[in-house]
Each structure stands twice: as C-alpha cells, then as structure tokens.
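Inside the fold
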Amino acid sequence: MRMDSSGGRRIVERMNRASVLLVCLLSSGCFLQRSLVDRPFAEADVARIGNAGATTAKEVVARLGAPTEVVQLGRRSAYLYLHEQEKTAGLFLLVAAFNNRDRQTDRVWVFFDEHDVVTHVGRTLQAQGAEYAMPWVAHD
Amino acid sequence: MRAPALLALLALSSSCVSASWNRATWQRPAARDVVAGLPRSGIGLQECLDLLGAPTLVFEHRVHGLTLAYAWVQDRRFGGTVSVPLGDRESASFSYATARAGAYALVLWLDESWVLEDWREGRLGSLIGEEPPRPATLEEIELTRR
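What comes next concerns the included structure. Sequence order sets the numbering: in each chain, residues are counted from 1 along the sequence as written. Think of it this way: whatever chain is written first is A, whatever ligand is written first is 1, and the rest follow in order. With the structure being a predicted model, the display of local features is reserved for residues of pLDDT at least 70 and the display and counting of side-chain atom pairs for 80 or more, all residues being used for whole-chain, interface and lining totals.

Before going further, it helps to examine the nonpolar core. A set of buried residues drawn from Ala, Val, Leu, Ile, Met, Phe, Trp, Tyr and Cys, joined through C-beta atoms within 7 Å, is what defines a nonpolar core. Neighbour density around each residue's C-beta defines its exposure: 20 or more other C-beta atoms within 10 Å make it buried, 12 or fewer make it exposed, and counts between make it partly exposed, where C-beta atoms are placed from the backbone. Core analysis: the largest hydrophobic core is formed by 33 residues, its most contacted members being Ala78(A), Trp109(A), Val110(A), Leu66(B) and Leu108(B). Contributing elements (two or more residues each) for this core: β3 (76–93), β4 (96–112) and β5 (118–125) of chain A together with α3 (45–52), β3 (65–85), β5 (103–110) and β6 (116–123) of chain B. Once C-beta atoms have been placed from the backbone, residue pairs whose C-beta atoms lie within 7 Å are recorded as contacts. Aside from chain neighbours lying at most four places away, what touches Leu66(B) is Leu73(A), Leu45(B), Val58(B), His61(B), Leu110(B) and Trp114(B). Secondary structure is summarised from DSSP: a helix means a run of H or I of at least four residues, a strand means a run of E of at least two, and numbering begins at the N terminus for each.

Here the focus is α3(B). Of the positions making up α3(B), those classed as buried are Leu45(B), Cys48(B) and Leu52(B). For α3(B), the angular spread of buried residues about the axis comes to 60°, placing them on one side. In this structure, the buried side of α3(B) is in contact with β4 and β5 of chain A together with α2 (32–36), β3, β5 and β6 of chain B. Once α3(B) ends, the next one or two residues include Gly53(B), with phi positive near 85°. It is the directions from the helix axis to the C-beta atoms whose arc is reported.

This part is about the pairing of strand β2 (residues 57–61) of chain B. Residue and element names in this part refer to chain B. One bridge is not enough; two strands pair if DSSP finds at least two bridges between them. Across five bridges, β2 lies against β3 in antiparallel orientation. Bridging across to β3, Leu57 finds its partner in Ala69. Between β2 and β3, which pair antiparallel one after the other, the connecting turn spans three residues, and Arg62 there sits at a positive phi close to 50°.

Although it is not a glycine, Asp116(A) sits at a positive phi angle of roughly 60°. As for its position among the elements, Asp116(A) is in the loop between β4 and β5. With a phi angle near 50°, Arg62(B) is a residue other than glycine that sits in the positive phi range. Tracing the chain through its elements places Arg62(B) in the loop between β2 and β3. Residue class for Arg62(B) comes out partly exposed when judged on the 15 C-beta atoms lying within 10 Å of it.

A separate point is the interface of chain B and chain A. Accessible area lost during the coming together of the parts is what is often quoted as the interface size. Listed as interface residues are 30 residues of chain B and, on the opposing side, 29 residues of chain A. Listing elements by their share of the side of chain B that touches chain A, those giving two or more residues are β1 (17–26), α3 and β2 of chain B. Broken down by element, the residue count for the side of chain B that touches chain A peaks at 10 residues, all from β1(B). Throughout, the ten residues Ala, Val, Leu, Ile, Met, Phe, Trp, Tyr, Cys and Pro are labelled nonpolar, Asp, Glu, Lys and Arg are labelled charged, and all others, Gly among them, are labelled polar. For the side of chain B that touches chain A, a count of residues per class yields 17 nonpolar, 10 polar and three charged. Sheet topology places β4(A) next to β1(B); eight bridges connect them, and they run parallel. Within β1(B), the residue paired with Phe98(A) across the bridge is Trp21(B).

Residue and element names in this part refer to chain B. Within the secondary structure layout, Tyr96 lies in strand β4 (residues 91–100). For Tyr96, a count of 10 C-beta atoms within 10 Å translates into the label exposed. Spatially, the C-alpha atom of Tyr96 lies 26 Å from that of Trp72, the residues being 24 residues apart in sequence. Discounting residues that sit within four places of it in the chain, Tyr96 has contacts with Gly79 and Gly80.

Right, dumping it as structure tokens:
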C-alpha cells in the first residue's frame with residue numbers, strides 16, 4: 001500500500017499528540033488522604049463528664065476511658081481527651097507538586113482539684129472542620 | 001522541530017525542572033473578635049474556657065498556677081529545582097526554597113487561684129520557650145504550698 005507525504009505527516013502528528021497525552025497521563029496524579037487519631041467527640045460525651053464539684057476523676061475515666069494526656073498542676077491535675085483528623089490533598093502536574101495538609105482536633109480538658117474532683121471543663125470540637133484543599137486556598 | 005521538542009520535554013521532565021508548593025495547617029487561631037474582647041486579667045478559668053474553648057497545651061505556671069496555650073501552625077513552603085546535564089558525568093543544579101513557617105499562640109497565665117493574670121499573642125517558642133517546662137517536683141510543691 002502506498003501513502004502520500006501529507007498522509008504520512010498526519011500520522012506522525014497524531015502519534016506526537018498521542019505521545020504527549022500519554023506523557024501527561026503518566027506524569028500527573030493526585031491523591032486524597034485522611035487519617036484519624038481516636039474517635040470523635042460529641043456534645044453528649046462532654047455532658048457525660050458530669051458536674052463540677054460532684055464528679056471524681058475515677059468516674060470521668062469510667063465514662064470516657066483513659067485520657068490522652070494527664071498534666072500535673074501543682075497538687076491539682078488536668079486530663080486531656082483528644083481526637084484528631086488530618087486531611088491531605090496532593091496534585092502532581094508534570095513538573096509541579098502541590099500539597100496541602102490540614103489537621104484539626106476535638107479537645108476536652110477536664111480540670112481536677114487536689115481531691116480529684118472535677119472543677120472545670122473546657123471543650124473545642126473542630127476535628128470535623130479539617131478540609132481537603134489546594135495550598136493556595138486559605139482555611140477559615 | 002525535533003530538537004526544540006526534545007529540549008522542551010527534557011526541561012519539563014521532573015528530573016530537570018521541578019517546583020513544589022506545600023501548605024500545612026494545624027488548628028485555627030482564636031476568632032479576632034473574641035481575642036479583642038478578652039479582658040487583660042481578672043476572669044476565672046471557666047470564663048477563659050467558655051470564651052476560647054479548650055487550649056492545645058496546659059502546664060504549670062509557678063507551680064500552682066496555670067499556663068493555657070491556644071496554638072496554631074500555618075506553614076507555607078515554595079520550592080524549585082533546575083538541573084542541567086553538562087556532560088556524561090557532570091550536571092549542575094540550582095534549588096530555591098522559601099518558607100513561612102512557625103507555631104503561633106495565644107498564651108494565658110493564671111495565678112494559683114486560677115484567675116487570669118495576663119495574656120499575650122505571638123510566636124509560641126518566644127512565649128513559652130521551645131519546650132514546655134518540666135512539672136514541679138514534690139519538694140517544690142510542698143515549699144510553695146497554697
């Protein structure tokens with residue numbers, strides 16, 4: 001079968017386009033990754049801690065389990081309950097790599113007096129606010 | 001046509017030219033209006049917790065007092081590398097990177113009755129040191145008994 005020169009050129013051009021497309025497909029990629037530490041907190045969990053002046057450290061541990069961290073405060077103490085969520089998004093475009101990591105936490109601090117009775121409770125539930133984003137997007 | 005295309009492909013291949021843009025965020029700073037309305041001193045621990053939520057760090061302040069740190073990290077890094085083969089065994093490369101990194105915090109100090117003494121905002125390291133202080137020993141606690 002004979003082929004004229006313009007037909008041959010067209011085939012070469014198509015092959016070139018296909019190879020560029022192939023290079024793009026092979027060189028590019030993206031990923032989303034989520035990692036969690038411990039289980040999320042809900043307002044109901046905070047309510048289970050009980051009242052200041054009435055609940056003991058033993059009762060708090062029985063209701064919420066072992067704390068993430070125990071801090072000595074002179075003769076008093078504080079327990080930290082922590083849940084963490086991290087979301088990472090990455091994009092690779094031939095020569096450029098973009099990566100964004102957002103880590104947010106649920107934190108509940110329970111403060112005790114020297115007799116291990118709850119005196120104060122503070123909570124921040126932000127773990128659900130972790131976002132997948134590109135690095136040029138500012139988080140609120 | 002083939003030579004420029006080959007050169008462009010070489011330049012675009014990640015072993016010759018690469019760029020990166022990374023961002024890492026940990027926690028969010030306290031809302032500006034809340035910080036603006038925070039009294040300089042005199043309010044109790046529960047009021048601080050109700051206003052600002054749970055801190056990220058808690059440790060002793062002068063044995064019986066409290067330090068609460070509301071820390072956040074906003075890390076941004078840009079980088080680029082250019083590598084040019086000069087011969088069979090040599091190549092030259094140039095890298096550039098810029099970073100705006102660091103942990104910031106709103107730090108509150110409460111006295112031994114857990115009443116706010118003072119607060120400041122800034123770089124976490126300059127406010128509380130690179131490492132949180134060690135807990136007081138039993139002797140220190142007894143010596144400074146409330």
